[in-house]
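# A look at the structure
Spelled out from the first residue to the last, the chains are:
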Amino acid sequence: MMISTKVLGVAFSLCLLFSLATALLTPKHDTEIALKLKAATAIPIDAPGDAELVSSEKKPRIGVLLLNLGGPETGDDVEEFLFNLFADPDIIRLPKPLTPLQDFIAYIISKRRAPKSRAAYESIGGGSPILKYSNAQKELLCKELKERFGLDVKSYIGMRYWHPFTEEALDQIRKDDVNALVILPLYPQFSISTSGSSLRILQEQFAKNAQYYGPNKMVHTVVPSWYDRPGYVAAMADLINKELDSFTPEELAEAGDADCARHVLFSAHGVPASYIEAGDPYQRQIRECVDKISAALPGPSEGVQVHLSYQSRVGPIEWLRPYTDDVLPQLGQQGVKNLVVVPISFVSEHIETLEEIDIEYRELALESGIENWRRCPALNTDKTFISDMADMVVEALSQPSQTVTEACIANNCGDVEEFDQRLGFTGVQGVGAEADLRAAGRLRDKERINGRVAIFGLLATILIELTSGQSLTDLLGISPN
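Residues numbered from 1 in each chain as written. Predicted model: local features only at pLDDT ≥ 70, side-chain atom pairs only at ≥ 80, totals over all residues. Heavy atoms only, no water.

Let us now look at the sheet that holds strand β3 (residues 180-185). In spatial order, the strands read β2-β1-β3-β4; together these four strands make up an open sheet with parallel pairing. Across the chains shown, the open sheet's two edge strands, defined by having one partner strand only, are β2 (153-159) and β4 (219-222). Pairwise comparison of adjacent strand axes, ignoring direction, gives a mean angle of 20° for this sheet. Bridging between β3 and β4 involves four bridges; their strand directions are parallel. Counterpart to Val-182 in the pairing with β4 is Thr-221. Helix α6 (residues 166-175) contacts β1 (62-68), β2 and β3 of the sheet and is inclined by roughly 155° relative to β2. Along the sheet, helix α7 (residues 195-208) makes contact with β1, β3 and β4, crossing β1 at roughly 135°. (Pairing = 2+ DSSP bridges. Helix = DSSP H or I, 4+ residues; strand = E, 2+ residues; numbered from the N terminus. Axes fitted to C-alpha atoms, helices over the stretch in contact; angles between N-to-C directions. Contact = heavy atoms within 4.5 Å.)

This is the structure in structure tokens:
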């Protein structure tokens, strides 16, 4: 009897050791992610250690679609790129009676702005580098997902105003037979004019081609904004701190402000003020984003002062204030000598960082007495940023999905109800949207009033410039933006 007990004890111990060894040797993170992905996408996800064999037809084919603005690759592309930009109703929102004039107005503006824009692109090498950086981010993201999570993912670039257009990316997604798609705008903060515009294109394509992109063929989920993610905040703070640390003792001694020898100016891309009045969450998200990043920087007690401004306004209408080209002279008048400028709305270098900030604003700063200029680089292929993007994708696949339409409604893109009626839908293609649509209707009323005022100013400017042959800023004797 004693022998039997010992035998049983040894056997039990061996079984326990075997179980522990199996647990330690099994790639646990892959299995856990697989279970979460199954729950999120309703698609069986294979992972090491899964006992269940899944047919090849049901295996997941995960894709990640990165959305961005796009940019002309050569000087010859500039005018067509500008036309695509200004023909977008989310960039220039016309009252309904004037919507047939959208392309005509875009044609006039692109013609007028092309020479100046072409010269700007020439100053940074002849074309935009945004696709180069987006492709690098795409490749590193796939590598990170494979190495850290064991996920085989295909990624795609969908540009809004130049090649590869979002529609081109969708064609490739369909050819690759992707059945689980994460949509990730490369804009940290949501705006109707950026993420919203790209999501509208997807919304329209999904609705028109449900046989390819419908829920029975492909599930999708959207990450509409990610400005408050700890990884993103940490990556931005690290880059800014490197620039702050680069000031020499001699430069710090020159500071006109003895209490704060170093200043940080977050320069965000502007949007028309009417968009914010109509419910665009962009300004709120920018402020929250700056607050979070600033909390990871030295404060006033350590000699650092933070400021926020907005750049890249177009036309005679009111945009978000304060304007960057107003703030820089003000800082100069205050005796600021050491300044770090941070492009907060952008994750890769392009015309508005390399030309507008690095050339135009730097020159203005020097003229204003700001002698020691630093510009924080865009995130580009920063390791912390790429790692956080991979986390974002896995979390998106692990959580309940948010459809394109739901993301638009949640962020007050407006006109969703009219969009559905135009395509013949009965009700909105989302969940729990009724209250949001009523609110969106009230916002649209205010937006239409703002739109009429804005377009009156725009048309008046075009008429003056066409009849005089000069720009409005030249006629008024003021510097162009």
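This part covers the nonpolar core. Leu-145, Ile-240, Phe-266, Ile-293, Ile-344 and Met-389 are the most contacted members of the largest nonpolar core, which totals 57 residues. Ranked by residue count, the leading element in this core is helix α15 (residues 383-398), at nine residues. In this structure, Ile-293 is in contact with Val-233, Met-236, Ala-237, Ile-240, Phe-266 and Ile-344, ignoring residues within four places of it in sequence. Judged by nonpolar contacts, the second largest core, of 20 residues, contains Phe-190, Phe-206, Tyr-213 and Val-404. (Core = buried A, V, L, I, M, F, W, Y, C linked by side-chain atoms within 4.5 Å. Buried < 20%, exposed > 50% of the residue type's maximum accessible area, 1.4 Å probe, protein only.)

To continue, consider the packing of aromatic side chains. The tally for this structure, following the rule as stated, stands at five aromatic pairs. Arranged with centres 5.5 Å apart and planes meeting at 45°, the rings of Phe-206 and Tyr-213 form a pair that is tilted. Considering the side-chain rings of Tyr-212 and Tyr-213, the 6.1 Å spacing of their centres and the 70° angle between planes classify their relative orientation as edge-to-face. Tyr-212 gets classed as partly exposed once you look at its relative accessible area, which sits at 34%. Taken together through their ring pairs, the aromatic side chains of Phe-206, Tyr-212 and Tyr-213 make up a single cluster. For the cation-ring pair, Lys-132 lies above Tyr-133, with the distance from its terminal atom to the ring centre recorded as 4.8 Å. A cation over a ring is seen here: Arg-174 above Tyr-212, with NZ or CZ 4.6 Å from the ring centre. (Phe/Tyr/Trp six-rings, centres within 6.5 Å; stacked < 30°, edge-to-face > 60°. Lys NZ or Arg CZ within 6 Å of the ring centre and 35° of its normal.)

Here we come to the pattern of salt bridges. In the structure shown here, the tally under the stated rule is 19 salt bridges. Between Arg-284 and Glu-288 there is a salt bridge; the shortest N-O distance is 3.3 Å. Note that Arg-284 and Glu-288 are positioned in helix α12 (residues 282-295) at a spacing of four residues, about one turn of the helix. Here Glu-288 falls in the partly exposed class, since its relative accessible area comes to 30%. Note that Asp-358 is salt-bridged to Arg-375, the shortest N-O span being 2.8 Å. With Asp-358 in helix α14 (residues 351-367) and Arg-375 in strand β8 (residues 372-375), the pair connects residues that are 17 residues apart, well separated along the chain. (Salt bridge = Lys/Arg side-chain N within 4 Å of Asp/Glu carboxyl O.)

The subject of this paragraph is the packing of helix α3 (residues 78-86) against helix α4 (residues 102-122). As a packed pair, α3 and α4 sit with axes 7 Å apart at the nearest point and diverge in direction by 135°. Relative to α4, the element α3 lies oblique. Crossing angle aside, the handedness with which α3 passes α4 is right-handed. On α4, the residues touching Val-78, Glu-79, Phe-81, Leu-82, Phe-83 and Phe-86 of α3 are Gln-102, Asp-103, Ala-106, Tyr-107, Ile-109, Ser-110, Lys-111, Arg-113, Ala-114, Ser-117, Arg-118 and Tyr-121. Partitioning the contact of α3 with α4 into residue classes produces ten nonpolar, three polar and five charged. (Parallel < 35°, antiparallel > 145°, perpendicular 65-115°, else oblique. Left-handed = near helix turned anticlockwise from the far one by under 90°. Nonpolar A, V, L, I, M, F, W, Y, C, P; charged D, E, K, R; others polar.)

In space, the four strands of this open sheet follow the order β6-β5-β7-β8, with parallel pairing throughout. The two strands at the open ends of the sheet, each matched to only one other strand, are β6 (304-311) and β8. When strand polarity is set aside, the average angle formed by the axes of neighbouring strands in this sheet is 20°. Summarising the sheet, strand β5 (residues 262-269) and β6 pair through eight bridges and their orientation is parallel. Bridge pairing links Phe-266 to Leu-308 in β6. Across the face of the sheet, helix α13 (residues 324-333) comes into contact with β5, β6, β7 (338-343) and β8 while running at roughly 150° to β6.

On to α3. Considered for burial, the residues of α3 that qualify are Val-78, Phe-81, Leu-82, Leu-85 and Phe-86. In a view along the axis of α3, the buried residues occupy a sector of 125°, so they form one face of it. Along its buried surface, α3 packs onto α4. (Arc of directions from axis to C-beta.)

Time to look at the confidence of the model for the protein. Confidence in the prediction for the protein averages 82 pLDDT; 73% of positions are at 70 or higher. Note that residues 16-28 has pLDDT below 50 and, in this model, three contacts with residues that lie over four places away or in other chains. A low-confidence stretch, residues 44-57 (pLDDT under 50), is modelled with 27 contacts involving residues beyond four sequence positions or located in other chains. (pLDDT = per-residue confidence, 0-100.)

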